[in-house]
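Spelled out from the first residue to the last, the chains are:
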Amino acid sequence: ANVCLWRLHGCLLDFFFYISVSNGFGAAPVKVEMPALSPTMEEGNIVKWLKKEGDAVAAGDALCEIETDKAVVTLESSDDGVLAKILMEEGSRAVRLGTLIALMVEEGEDWKTVEIPPPVAATQATPAPAAPTAPPPHPPRAASTGPLRLSPAARHILDTHGLDPQLATPTGHRGIITKEDALNLLKKFPDSKTTPVTAAPVAAAPSPVATPAAAPLPPGSRPMYPPQSIPGKPGAPGTFTEVPASNVRRVIAQRLTQSKTTIPHAYATIDCDLGAVMQLRKEMAKAEIKVSVNDFIIKAAAATLRELPEVNVTWSGEGPQALDSISISIAVATPKGLITPIITNAADKGVQEISANAKALAQKARNGKLLPHEYQGGSFSISNLGMFGISEFSAVINPPQACILAVGTSRAVLHLTEETGALSTQQLMTVTLSSDGRLVDDELASRFLDKFRANLERPQRMTLN
């Protein structure tokens, strides 16, 4: 009997322990983290949640829309369950990769009792003990009366650290406060962030004399130092308004800086005669086939890459990588920034198919609906500003690609025919090739442009169907 009572007592304890654990800790969560939706993505914005808390979710269901550095991509669920808790609301910006954005529970569990993991505390470095600081020295004697004269470097130092120029002792010619004077003042007030306030010296005079206010500057004179910019006060001198940058803008800024600081850019320019292309476009238009000059440029670049495969390379951390297929990136301007979708296997496509692909990709880019494979890869980009009347320009290479071709507008030029001595009109277009000097040297870039011009001026050499 005693043995049975002890066993019953143990079963009751196990039962109450299970009840307390279930009520105290809740359902075990399935974590949903910010994924890497593109190779260059480092953070994303939560645009819209497509599921609400408590909704059933099956594997493959769309959970939310995330703005990456290239487009707005739908995040799909990889598990079955119930969406229990949304941790990053709509509109959350700059969410780093791996950040917890939502929690799910398995089917049949109470989603309202989901256990929310504690936030991961950032490791904070223990600050070094501050050395005992000596009391600030007595402020120096104020400069003599009269307008202050500061050198540009001294003005910058004093404005940056908020120091009063009246406290500096001028040593320059004709009483100019030099850079050394400003640095000496900074050594006396190393922690100054605002203008130090000093008491007026007590003079042995029968009555104190108030310090006169600074006299207004004469009209047309330059102020001694520029006014401080104050955000949020419209109309005040030096004010500004901060504009939040989209993910696309931030990534563009980061990659352009990376390109110009790490890639040795080389430039080569050549003029191409568009007479044959213009005539062929008219003939195709009669057959109701509408293609643009840019479509011929894409085709000519792809055909030239096929003739010179040593240009169809990219740069990796260990050196050049030759590509098997020929894909061309085209620059598309969108409200959020410049996007470069890719026309894959461009050398195997005709001008009409290239035109259809380019139009479809440009529309998807402007709507933010590009898929990852539609903007990844390729070794060559084309940026065309001819429709804006730009005669010629130089473009920045999009790493890890090897080249980018900058295309200007066409212009009519009088040409003297050698055979007859008569004048004729040519439609010339200037293109500039920016190449990575580590991959494409000047001789190879020159050969590429020469073959590109030949293909463009004699389009019959290319496959047009």
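Residues numbered from 1 in each chain as written. Predicted model: local features only at pLDDT ≥ 70, side-chain atom pairs only at ≥ 80, totals over all residues. Heavy atoms only, no water.

Participant: Help me understand the overall build of the chain, please; the structure alone is not making it clear to me.
Facilitator: Assigned secondary structure in the chain consists of eight helices and 20 strands. Residues counted as buried form 36% of the 465 residues belonging to the chain. Long-range contacts, defined here as pairs at least 24 residues apart, represent 64% of the contacts in the chain between residues at least 6 apart. Accessible surface for the chain amounts to roughly 28,100 Å². Of this, 57% is attributable to carbon and sulfur atoms. (Helix = DSSP H or I, 4+ residues; strand = E, 2+ residues; numbered from the N terminus. Buried < 20%, exposed > 50% of the residue type's maximum accessible area, 1.4 Å probe, protein only. Contact = heavy atoms within 4.5 Å. Areas by Shrake-Rupley, 256 points an atom, 1.4 Å probe, with all protein chains shown as cover.)

Participant: How should the sheet that holds strand 7 (residues 95-96) be read in this particular structure?
Facilitator: Strand pairs in the sheet, formed through backbone hydrogen bonds, run parallel or antiparallel to each other. Judged by pairing direction, the sheet is antiparallel, and its four strands sit side by side in the order 5-4-2-7 without closing on themselves. Unpaired on one side and paired on the other, strand 5 (72-76) and strand 7 mark the two borders of the sheet. Pairing analysis gives five bridges linking strand 4 (residues 62-67) to strand 5, with the strands arranged antiparallel. Following the sheet pairing, E65 is matched in strand 5 by T74. Those strands touched by helix 4 (residues 247-262) are strand 2 (43-49) and strand 4, and its axis lies near 165° from that of strand 2. (Pairing = 2+ DSSP bridges. Axes fitted to C-alpha atoms, helices over the stretch in contact; angles between N-to-C directions.)

Participant: Before we go on, may I ask you to explain the pattern of salt bridges in this structure?
Facilitator: As enumerated under the stated definition, the model contains 13 salt bridges in all. For K52, the salt bridge identified is with D55, shortest N-O distance 3.8 Å. Given a relative accessible area of 21%, D55 falls into the partly exposed group. The shortest N-O distance in the salt bridge between R453 and D450 comes to 3.3 Å. (Salt bridge = Lys/Arg side-chain N within 4 Å of Asp/Glu carboxyl O.)

Participant: Is there a simple way to think about a nonpolar patch on the surface in this case?
Facilitator: Together, M387, F388 and I390 make up a nonpolar patch on the protein surface, roughly 340 Å² of accessible area in all. Secondary-structure assignment places I390 in the loop between strand 18 (380-384) and strand 19 (403-416). (Patch = residues over 30% accessible without salt bridge, like charges linked within 9 Å, V, L, I, M, F, W, Y side chains within 5 Å.)

Participant: How should the packing of helix 6 (residues 293-307) against helix 8 (residues 442-457) be read in this particular structure?
Facilitator: Angle between the axes and distance between the axes are the two parameters that describe a pair of packed helices. Taken N-terminus to C-terminus, the directions of helix 6 and helix 8 make an angle of 130°; their axes are 9 Å apart at the nearest point. Taken together, helix 6 and helix 8 sit at an angle that is classed as oblique. The interaxial crossing formed by helix 6 with helix 8 has right-handed handedness. Across the interface between the two elements, F296, I297, A300, A301, A303, T304, L305 and E307 from helix 6 touch F448, K451, F452, N455 and L456 from helix 8. Residue composition of the contact of helix 6 with helix 8, grouped by class: nine nonpolar, two polar and two charged. (Parallel < 35°, antiparallel > 145°, perpendicular 65-115°, else oblique. Left-handed = near helix turned anticlockwise from the far one by under 90°. Nonpolar A, V, L, I, M, F, W, Y, C, P; charged D, E, K, R; others polar.)

Participant: Hey, could you run me through a negative patch on the surface in this one?
Facilitator: There is a patch of like negative charges on the surface, built from D79, D80, E106, E107, E109 and D110. You can see E106 is positioned in the loop between strand 8 (100-105) and strand 9 (149-150). Under the relative-accessibility criterion, E106 is labelled partly exposed at 49%. (Lys, Arg positive; Asp, Glu negative; His and termini not counted. Charge placed at Lys NZ, Arg CZ, Asp CG, Glu CD.)

Participant: What is the right way to read the sheet that holds strand 3 (residues 56-57) from this model?
Facilitator: The four strands are arranged 1-8-6-3 in an open sheet whose pairing can be described as antiparallel. Among the strands making up the open sheet, the edge pair consists of strand 1 (30-33) and strand 3. Bridge analysis of strand 1 against strand 8 gives four bridges, and the strand direction is antiparallel. Bridge pairing in strand 8 links V32 to A102.

Participant: Would you mind showing me how to read the packing of aromatic side chains here?
Facilitator: For any pair of aromatic rings, the description consists of the separation of the ring centres together with the inter-plane angle of the planes. Following the criterion strictly, the structure yields one aromatic pair and no others. Considering the side-chain rings of F380 and F448, the 5.3 Å spacing of their centres and the 35° angle between planes classify their relative orientation as tilted. With a gap of 68 residues between them, F380 in strand 18 and F448 in helix 8 connect regions that are remote in the sequence. Both residues of the pair, F380 and F448, count as buried. Above the plane of the ring of W315 lies R438, whose end atom (NZ or CZ) is 4.3 Å from the centre. (Phe/Tyr/Trp six-rings, centres within 6.5 Å; stacked < 30°, edge-to-face > 60°. Lys NZ or Arg CZ within 6 Å of the ring centre and 35° of its normal.)

Participant: Sorry, what's going on with the pairing of strand 2 here?
Facilitator: Looking along a regular strand, one sees side chains alternate from face to face of the sheet. The element strand 2 is largely enclosed, with a buried count of five among its seven residues. Examined bridge by bridge, strand 2 and strand 4 share four bridges and lie antiparallel to one another. Counterpart to K48 in the pairing with strand 4 is E65.

Participant: Please explain the nonpolar core as it appears in this structure.
Facilitator: The nonpolar side chains of a soluble globular protein tend to be buried with one another. Formed by 56 residues in total, the largest nonpolar core has its most connected members in F380, L405, F452 and L456. The biggest single contributor to this core is helix 6, with nine residues. The contact partners of F380, leaving out residues within four places of it in the chain, are A301, L305, S327, I328, S329, Q401, C403, L405, L433 and F448. Counting residues in hydrophobic clusters, the runner-up holds 18 residues, among them L83, V95, A102 and M104. (Core = buried A, V, L, I, M, F, W, Y, C linked by side-chain atoms within 4.5 Å.)

Participant: Hey, could you run me through the confidence of the model for the chain in this one?
Facilitator: Do not read the predicted coordinates in detail wherever pLDDT is low. Overall, the prediction assigns the chain a mean pLDDT of 80, with 77% of residues at 70 or greater. Here residues 194-214 is modelled with pLDDT under 50, and outside its nearest four sequence neighbours on either side it reaches twelve contacts, counting other chains as well. (pLDDT = per-residue confidence, 0-100.)

Participant: Would you take a moment to explain the pairing of strand 12 (residues 313-316) for this structure?
Facilitator: With four bridges connecting them, strand 12 and strand 13 (residues 319-322) associate as antiparallel partners. Looking at strand 13, one finds that V313 is bridged to A322. Two successive antiparallel strands, strand 12 and strand 13, enclose a turn made up of two residues.

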